[in-house]
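Coordinate inspection notes
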Amino acid sequence: VLDAAGEGSAQLYALCGRGPRSSMRILRHGLAVTEMATSELPGKPSAVWTVKAKTEAEYDRYIIVSFVDVTLVLSIGDTVEEVLDSGFLATSPTLLVQLMVDDSHCQVHPSGIRHLLPRRTNEWRAPAQKRVVCAAANERQVVIALSGGEIVYFEIDESRTLTEVAKREMTYEVLCLAVQPIPEGRKRGAFMCVGGVDNTVRILSLDRERPLKQLSAQALAAAPESVNLIEMKSMGQSEDMHSLFLNVGLTSGILIRSVVDFVTGTLSDQRSRFLGPKAVSLHSVKVQGVPALLALSTKPWLCYNFQGKYNCTPMSYDKLEFACSFSSEQCPEGFAAIADNELRIVSCDRLGEIFNQTVMPLSYTPRRFVPLPSPLLAPEQALHQENEAIMLAILEADHNAYNEETKREIRAALKKIKLTARAEDANEDEQDDLPESQIGTFKAGEGKWGSCIRIVDPARQHTVSKLDLDVDEAAICVTVCYFNQLSNQPCLVVGTAYNMTLHPRHAPRATIKTYIYDERYNLQLIHSTPIDDVPLCLFPFEGKLLASVGKNLRIYELGKRKLLRKCEFKNIPEGITWMHVKKDKIFAADLRESIHILKYRRMDNQLFVVADDQAPRWMTTACVLDNSTVIGCDKFDNAFIARVPDDVQTDQGGDMSGLRLKADTAYITGTSPKMDHIMQFHVGETVMAIEKAILVPGSAEVIIYATLLGGVGVFYPFTRRRDVDFFLHLEMFMRNEKPPLCGRHHAMFRSYYFPIQNTVDGDLCEQYTTLPFEKQRAIASELDKTPAEILAKLEEMRNTIL
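This report concerns the structure included in the present document.

Rules and cut-offs
Residues numbered from 1 in each chain as written. Predicted model: local features only at pLDDT ≥ 70, side-chain atom pairs only at ≥ 80, totals over all residues. Heavy atoms only, no water. Helix = DSSP H or I, 4+ residues; strand = E, 2+ residues; numbered from the N terminus. Buried < 20%, exposed > 50% of the residue type's maximum accessible area, 1.4 Å probe, protein only. Contact = heavy atoms within 4.5 Å. Areas by Shrake-Rupley, 256 points an atom, 1.4 Å probe, with all protein chains shown as cover. Lys, Arg positive; Asp, Glu negative; His and termini not counted. Charge placed at Lys NZ, Arg CZ, Asp CG, Glu CD. Axes fitted to C-alpha atoms, helices over the stretch in contact; angles between N-to-C directions. Left-handed = near helix turned anticlockwise from the far one by under 90°. Pairing = 2+ DSSP bridges. Salt bridge = Lys/Arg side-chain N within 4 Å of Asp/Glu carboxyl O. Parallel < 35°, antiparallel > 145°, perpendicular 65-115°, else oblique. 1 Å grid on protein atoms, 1.4 Å probe; cavity = no way out; pocket = protein on both sides within 12 Å on 5 of 7 lines; lining within 4 Å. Points joined across faces, edges and corners; volume = space filled by probe spheres on them. Nonpolar A, V, L, I, M, F, W, Y, C, P; charged D, E, K, R; others polar. Patch = residues over 30% accessible without salt bridge, like charges linked within 9 Å, V, L, I, M, F, W, Y side chains within 5 Å. Disulfide = S-S within 2.5 Å.

**Some remarks on the overall build of the protein**
When its secondary structure is counted, the protein shows 9 helices and 54 strands. In the protein, which comprises 802 residues, the proportion classed as buried is 51%. A separation threshold of at least 6 residues defines the contact pool for the protein, and within that pool the share at least 24 residues apart is 54%. Looking at the protein as shown, the accessible area adds up to about 37700 Å², and 50% of this sits on carbon and sulfur atoms. Positive and negative side-chain charges of the protein, numbering 89 and 102 respectively, have mean locations separated by a distance of 3 Å.

**Description of the packing of helix H5 (residues 721–737) against helix H8 (residues 773–782)**
Look at H5 against H8: their axes get within 10 Å of each other, and the N-to-C directions meet at 145 degrees. For the pair H5 and H8, the sense of crossing is right-handed. Within the contact between the two elements, H5 uses Leu730, Phe733, Met734 and Glu737 and H8 uses Lys775, Ile779 and Glu782.

**Thoughts on the sheet that holds strand E41 (residues 544–549)**
If you walk across this open sheet you meet the 4 strands as E40-E41-E42-E43, and the pairing is antiparallel. Across the chains shown, the open sheet's two edge strands, defined by having one partner strand only, are strand E40 (535–541) and strand E43 (563–569). Looking at each pair of strands side by side, their axes are set apart by 25 degrees on average, direction ignored.

**Considerations on the pattern of salt bridges**
Under the counting rule described, the total for this entry stands at 42 salt bridges. Of the charged contacts in the structure, one is a salt bridge between Lys513 and Glu473, with a shortest N-O distance of 2.9 Å. Placement of Lys513 in strand E38 (residues 509–517) and of Glu473 in strand E36 (residues 473–481) is noted, with a sequence separation of 40 residues between them. No difference in accessibility class separates Lys513 from Glu473, as the two residues are buried. Here Arg602 makes a salt bridge to Glu542, at a shortest N to O gap of 2.5 Å. Linking Arg602 in the loop between strand E46 (594–601) and strand E47 (606–612) with Glu542 in the loop between E40 and E41, this pair joins segments that are 60 residues apart in sequence. Under the relative-accessibility criterion, Glu542 is labelled partly exposed at 36%. One network of salt bridges, with partners in common, ties together Lys130, Glu150, Glu164 and Lys167.

**What to know about the side chain of Asn403**
Tracing the backbone shows Asn403 in the loop between strand E33 (391–399) and helix H1 (404–416). Taking the relative accessible area as the measure of exposure, Asn403 reaches 9% and is therefore buried.

**Comments concerning the packing of H5 against helix H9 (residues 787–801)**
Packing of H5 against H9 brings their axes to within 12 Å, and their N-to-C directions diverge by 115 degrees. Classed by the angle they form, the pair H5 and H9 counts as roughly perpendicular. H9 is crossed by H5, and the crossing has left-handed handedness. Where H5 abuts H9, its residues Asp723, Phe726, Phe727 and Leu730 lie against Ile790, Lys793, Leu794 and Met797.

**Re empty space enclosed by the protein**
If a probe as big as a water molecule is rolled over the atoms, it shows which places are left empty. Counting across every chain of the model gives 3 cavities of 30 Å³ or more. Quantified by volume, the largest cavity comes out at close to 50 Å³. Around the largest cavity, the lining residues are Lys286, Val287, Glu333, Gly334, Phe335, Cys348 and Leu351. Put simply, the parts of the chain that give the lining of the largest cavity at least two residues each are strand E24 (281–287) and strand E29 (334–339). For the lining of the largest cavity, a count of residues per class yields 4 nonpolar, 1 polar and 2 charged.

**Let's talk about the pairing of strand E25 (residues 290–296)**
Among the 7 residues in E25, 5 count as buried, and that is most of the element. Both E24 and E25 contribute to a ladder of 7 bridges, which runs antiparallel. Directly across from Ser284, in E25, lies its bridge partner Leu293. Linking E24 to E25, which pair antiparallel, is a turn of 2 residues; within it Gln288 sits at a positive phi near 55 degrees. Across 4 bridges, the pairing between E25 and strand E26 (residues 300–306) is antiparallel. From the neighbouring strand, Leu293 faces E26, where its bridge partner is Cys303.

**Overview of a nonpolar patch on the surface**
Where nonpolar side chains cluster on the molecular surface, the patch consists of Trp618, Phe636, Tyr752 and Tyr753 and spans about 430 Å² of accessible area. Checked against the element boundaries, Trp618 lands in the loop between E47 and strand E48 (619–626). Since its relative accessible area comes to 37%, Trp618 is described here as partly exposed.

**Points about the state of the cysteines**
For the coordinates displayed, the defined rule picks out 0 disulfides. Free of any disulfide, Cys193 has its nearest cysteine sulfur in Cys176, 6.9 Å distant. With no disulfide of its own, Cys452 has Cys477 as its nearest cysteine by sulfur position, at a separation of 16 Å.

**Re the sheet that holds strand E9 (residues 105–109)**
If you trace the 4 strands from one edge of the open sheet to the other, you get E8-E9-E10-E11, paired in antiparallel fashion. Strands with a single pairing partner mark the edges of an open sheet, and in this sheet they are strand E8 (96–99) and strand E11 (121–125). Recorded for the sheet is a direction-independent mean angle of 15 degrees between the axes of neighbouring strands. Pairing of E8 with E9 involves 4 bridges; the strand directions are antiparallel. Residue pairing in the sheet places Val97 in a bridge with Gln107 of E9.

Set out below in structure tokens:
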């Protein structure tokens, strides 16, 4: 999990598949966006709208683009062309365009309102010395704000004329307006919203009996940039239960969402979310024919309902300045948007997705990969430069496979051999050219390997350099190390084995290869160090190299002709497959004996075990959380957190037998301290990778894991005691209301090998939104809360993570 593409937020890099179907997948938080068309505009546009010719028309007729001093009208057909006789005022910027209920068009500009009817055009002029600042409208009602804080309210009457209904003088300058969409079965909307420079939003009535009367107000932490009133389905309610939501975008980058009471206009159930450091502008759009909201900050965010669930998800696209819905024959549902001086037509196809992925195919099964620090930067800056792309080094190796050169020779030889009389048939030729990802590759036999080291640029998804290893040489482990002898030059260290058999794990010859690279990331071999067993894991350690070789743990130093062995620990049960160094502790995961914590005693040049795990586990991966805590996962779908006991934190080890031995006698005799278990949880899938990271800037630090079956999940540490109590009780009620499909008790499943400890199943709590409303209300009353408060709590938890 890292921002290797320099986009400002982290991406997830996953190695997937095996053999010819291998790939590296880059997951980005957000909806995938398809760009349908891009057109450069003559100047810097400020806003864009699309309007239909008639209310019942299926597709949009015009795209209206506003500039600083003019308005451009484009007609939508097979091509998009400029129109000069549309009736819209082109010599002034436009503040709003709206199709009215009688198929007329209303254009608001700084000098007034132009009402375009089929046979005539009506104009309303702003009073002298005043200009229209902002406007909002639905199909029957138009509201404008004049400079000085005056609000004027218009309606379409029976004679199809835009008539002034009411005025109100506000005591402050108005920044933004919004009008309620006309509810089904009604003639007009009942509310409007005003955002002012006094950092407030006010709900005003649009009833004929009390026009522009204030109904409620809300103070804000910053000035409102944009307001929007939208009617959407209420979460957890039946299909016909809708609520009116007030959305406020602040200049500080926060989106606030409140429920407006349909009768009284009062505000309740406020929720907020940080979208980015730029001011948030809001635009009403349609998604699958249902009202939705586009919030534009440093990234575009789409707020919509999908499969009964409210989603507020970023779009993986450039920064947009203004947007609206777009519909044509070529693009039935999309958005017309402005970015810099371009008009873009985009669409989102895969709704409901949290991540979108791009796929980069690989040659062999990917084994390990590491980010490569830039050779031009100091070690402490190399992987922490903002908006700088970071290259990735990927190890690929396939057993029972040939390398690329041998495969080319085999194919050339097969083409020369005529196996049958029909060898020259066109169908046969086509079959020969089928890709390996569909038909597989040649089988070489046991102990035969194809392998390479690939340097990838994740920003452009292409291979910078690729180094094919020797015939039957397999790359097994990799790390980047800054040796004391080459202080500012990062070295890529790769552990390889020749003709390795998997069961039993044995290789006649094995090496540790040390490479340096230049600014173009071309690898240059310094030297190759022969070793006596298969290298399983490598990690940098205080300017030296920590290497797990067979059942030994060694410390190597960089020499002129090869790596020099400085220290060795020989008592490893099976072989260390994962290592990490944190301050003075070495965290190591043995293949079948769980976590070991080691220290290095410089005085005696000796490694010793500080503590190890009390339960034997077949480890797959682990991640260090702090100086004494580690989270680990095993092959039987369990995740656990273990901590070094406080009384052995500063232990210096040594001989405990009184026989004046130099060996680590406490570990050999089984009397070494045991780690305390803090958390136990049965995930249900084998976890292959785990990492501590922040997924979105401004969100909480979480533990992200990826599983063998392709799932990505998160462990989130609670920070407040009241959250723990709330979710524990909600989980308890949900266990009764939503038992597993197979009939086994939920607690038994999550405690499959070890009793569940200090963990709440968030997936089960999320099922609350799918319960019938009566059950939701019953659970909420047991928790002394309302269903809305529980849904708000679940949404707050989701927003904390993503």
